[in-house]
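So you can see what is in the structure, the chains are spelled out below.
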Amino acid sequence: MSRPRVIVVGGGLAGLAAAVRAADAGAEVELYERAPRLGGATWSFRHDGLSYDNGQHVFMRCCTEYRAFLERVGSGDEVALQARMDVPVLRPGGAEHRLRRVALPAPLHLVPALARYGHLSPGRRLRAVRTALALQRLRLDDPALDGVTFGTWLADHGGDPESAEALWDLVCLPTVNLRAGQASLTLAAKVFRTGLLDAADAGDIGWARVPLQELHGDAAARTLARLGASVHTGAPVTAVEADGDGPWVRLAGERRHADAVIVAVPHDAAGALLPSGSFDRQAEVAALGRSPIVNVHLLYDRPVLHEPFVAGIGSPVQFVFDRTAAAGAPAGHQCLAISLSAADDYLPWSRQELVHHFAHELVRLLPPAGAARLVSSMVTREVAATFRGAPGTAALRPGPRTRLRGVYLAGAWTDTGWPATMEGAVRSGNRAAAEAATRLRADQPTTTGAAA
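This report concerns the structure included in the present document.

Rules used throughout
- Counting starts from 1 at the beginning of each chain's written sequence and moves along it residue by residue.
- Confidence filtering applies because this is a predicted model: local features only for residues at pLDDT of at least 70, side-chain atom pairs given and counted only at 80 or more, and all residues used for totals across whole chains, interfaces and linings.
- Only hydrogens and water are set aside when side-chain values are computed; all heavy atoms of the structure are taken into account.
- The numbering of helices and of strands both runs from the N terminus, where a helix is a DSSP run of H or I of at least 4 residues and a strand a run of E of at least 2.
- Values of the radius of gyration come from C-alpha atoms, whereas the globule rule sets the reference at 2.2 Å times the count of residues to the power 0.38.
- The classification of residues rests on relative accessible area computed with a 1.4 Å probe and restricted to protein chains. Under 20% of the type maximum is buried, over 50% is exposed, and intermediate values are partly exposed.
- Residue contacts are defined here by distance: any two heavy atoms, one from each residue, within 4.5 Å place the two residues in contact.
- The method behind every accessible area is Shrake-Rupley, applied with a 1.4 Å probe, and residues are considered shielded solely by the protein chains displayed.
- This count recognises Lys and Arg as positive and Asp and Glu as negative, with His and chain-terminal groups excluded.
- Where a charge lies is defined by one atom per residue type, namely NZ (Lys), CZ (Arg), CG (Asp) and CD (Glu).
- At least two bridges found by DSSP between two strands are what make those strands a pair.
- Each axis is a line fitted through C-alpha atoms, taken for helices only over the stretch in contact, and angles between the N-to-C directions span 0 to 180 degrees.
- In this analysis, rings of Phe, Tyr and Trp, with Trp reduced to its six-membered ring, are considered paired at centre separations within 6.5 Å, and the interplanar angle assigns stacked below 30 degrees, edge-to-face beyond 60, and tilted for intermediate values.
- Residues belong to one nonpolar core when they are buried, are Ala, Val, Leu, Ile, Met, Phe, Trp, Tyr or Cys, and are joined through side-chain atoms within 4.5 Å.
- The rule for a salt bridge is simple: a side-chain nitrogen of Lys or Arg has to be within 4 Å of a carboxyl oxygen of Asp or Glu.

## As for the overall build of the protein
Part 1: Looking only at helices and strands, the protein features 12 helices and 20 strands.
Part 2: For 452 residues, the compact-globule estimate of 2.2 N^0.38 gives 22 Å, and the C-alpha radius of gyration of the protein, at 23 Å, lies within 12% of that figure.
Part 3: When the backbone C-alpha atoms are referred to their principal axes, the protein occupies close to 85 × 50 × 45 Å.
Part 4: Split into buried and exposed, the 452 residues of the protein put 55% on the buried side.
Part 5: The long-range fraction of contacts in the protein, counting pairs at least 24 apart against all pairs at least 6 apart in sequence, stands at 70%.
Part 6: Of the roughly 18,900 Å² of accessible surface on the protein, 53% is carried by carbon and sulfur atoms.
Part 7: Here the protein carries 47 positive and 45 negative side-chain charges, and the mean point of each set is 3 Å from the other.

## Comments concerning the sheet that holds strand 13 (residues 254-257)
What holds strands together in a sheet is hydrogen bonding between their backbones, with the strands either parallel or antiparallel.
Part 1: Across the sheet, 3 strands lie side by side as 11-12-13; this open sheet has antiparallel pairing. The outermost strands of the open sheet, each flanked by one partner alone, are strand 11 (239-243) and strand 13. Averaged over all pairs of adjacent strands, the angle between strand axes in this sheet comes to 30 degrees, irrespective of strand direction.

## Remarks on the environment of isoleucine 293
Part 1: Within the secondary structure, isoleucine 293 sits in strand 15 (residues 291-300).
Part 2: In this structure, the C-alpha to C-alpha distance between isoleucine 293 and proline 174, residues 119 residues apart in sequence, is 9.3 Å.
Part 3: Beyond its immediate chain neighbours, meaning those up to four positions away, isoleucine 293 contacts Asn177, Ser339, Leu340, Ser341, Ala343, Thr380, Arg381, Glu382 and Ala385.

## As for the environment of valine 249
Part 1: By the secondary structure assignment, valine 249 is in strand 12 (residues 246-251).
Part 2: Here valine 249 falls in the buried class, since its relative accessible area comes to 0%.
Part 3: For the pair valine 249 and arginine 127, spaced 122 residues apart in sequence, the C-alpha separation works out to 55 Å.
Part 4: Not counting residues within four places of it along the chain, the set of residues in contact with valine 249 comprises Ile7, Val9, Val237, Ala239, Val240, Glu254, Arg255, Arg256 and Val261.

## Observations concerning the sheet that holds strand 16 (residues 309-312)
Part 1: The mixed open sheet is built from 7 strands, whose spatial order is 8-7-16-17-18-15-19. Across the chains shown, the open sheet's two edge strands, defined by having one partner strand only, are strand 8 (97-100) and strand 19 (374-386). Direction aside, the axes of adjacent strands within the sheet are offset by 25 degrees on average.
Part 2: With 4 bridges connecting them, strand 7 (residues 86-90) and strand 8 associate as antiparallel partners. Across the sheet, the residue bridging to proline 88 is arginine 98, located in strand 8.

## Observations concerning the pairing of strand 14 (residues 260-263)
Part 1: The alternating pattern of strand 14 places Ala260 and Ile262 on one face and Val261 and Val263 on the opposite face, and all of these are buried.
Part 2: In this structure, strand 1 (residues 5-9) lies alongside strand 14, joined through 4 bridges in parallel fashion. Bridged to valine 6 within strand 14 is alanine 260.

## What to know about the packing of aromatic side chains
Part 1: Considering all chains together, one arrives at 13 aromatic pairs under this definition.
Part 2: Here the aromatic rings of tyrosine 346 and phenylalanine 358 are separated by 5.2 Å at their centres, their planes lie at 70 degrees, and the arrangement is edge-to-face. Highlighted residues: tyrosine 346 in the loop between strand 18 (334-341) and helix 11 (351-365) and phenylalanine 358 in helix 11, separated in sequence by 12 residues. Side by side, tyrosine 346 and phenylalanine 358 carry an identical accessibility label, which is buried.

## Considerations on the nonpolar core
Side chains that are nonpolar tend, in soluble globular proteins, to be buried together.
Part 1: Core analysis: the biggest nonpolar cluster contains 116 residues, and Phe69, Phe150 and Val263 have the highest contact counts within it.
Part 2: Per element, the largest residue contribution to this core is 9 residues, and it comes from helix 1 (residues 13-24).
Part 3: In this view, valine 263 contacts Val9, Val240, Ala270, Leu273, Leu274, Val407, Tyr408, Leu409 and Ala410; residues no more than four positions away in its chain are not counted.
Part 4: Counting 25 residues, the second largest nonpolar core, distinct from the first, contains Tyr300, Leu305, Ala369 and Ala372.

## Observations concerning the pattern of salt bridges
A pair can form between side chains of opposite charge whenever their charged atoms are brought close.
Part 1: In the structure shown here, the tally under the stated rule is 28 salt bridges.
Part 2: For the salt bridge of arginine 255 with aspartate 243, the shortest nitrogen-to-oxygen distance reads 3.1 Å. Of this pair, arginine 255 sits in strand 13 while aspartate 243 is found in strand 11, placing the two residues 12 residues apart along the sequence.
Part 3: Residue classification places arginine 255 among the partly exposed residues on the basis of a relative accessible area of 36%.
Part 4: The partly exposed category is assigned to aspartate 243, whose relative accessible area is 36%.
Part 5: Salt bridges here are not isolated pairs; linked through shared partners, they connect Asp86, Glu96, Arg98, Arg100 and Glu307.

Below you can see the structure in the form of structure tokens.
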């Protein structure tokens, strides 16, 4: 019996996860990616002899399917993962305070960290503990949570702008890609519950020790090649449809039929690839919007940061990551990446303006940078880094099934229960591949034989 053919459209994390899962299940997999490389929104490039990621991406221990994907493609050893959550938080001109969990069961593991968190007054610390306990009591499947912002809910539970900036946005901003005042309570509550409150070790933070291109796209390509899959980059798919012979995709000059097609592209591209009415609220999916991420990369002639990363408050600098080893920086130099989520305001700025502004702000946050020489700089922008996780988006996120027989959806924008994270992307790809495999098994003809 011939193997079923599964075509995957899109070579980001969702498409790579779907392709690997389908190939592992025995399918003949073809993957088509319009870009010249795999990895989607997690890619790398070289400039002046250094390797830069398009943006800094981190994960947590609770990102179980993403971590399993790394192990499957052979790059699990290329990430670092904290033994215990520890986040240094700096304020310009002020002392450093850390959010570090202790060896107690959840949610008690965070109580000492909040009680000692000097960036908040004692009264705000006590209210933060109460707020965390209230978050833990929320039902994540309650549709009403998607009707309000996280900021509104915080205000109703004793929060204030200072607490939001110094504590809640440290998690909400990089995961939902919006500040608490804009983010859906559904998505924020998911992050805090799953990442910080439900299990003591869930929030331990991990990051890549190599360029993201090596970690994801290159490693997955090698795995797919070993599994006999065919991967085509620079190969845009222009349409996905289904007829009496099953689903098919249209490429330049040809149609490719398959037993199943997994469409793993951004939400605005998916709506354009598929016929109208292929999935619920397809015409409204553009309302998911987009939220950008900007990264400012700075190469100094000496080390100025002695942590893997730090968070900033009271500063436009949100997070700073040491990417020296991954970049391949010269000996004695240090390469830092300043990551700016929900970066709408910075999109019109020129590279020179961004570098000048954030190099100055970094000195306010890290005074040793004032004595260092800035050797080179680079700015990367992901204008459509994620969908905009504002209230009302839950109803716009479809599941993996479409109304076209044999066609499935994947992508961090689909209904994974997670914000647009690497974990959400991998989960969506795994789920779409599992749905396709279930239907393909159901379509297998049943054969019976008579005893001689």
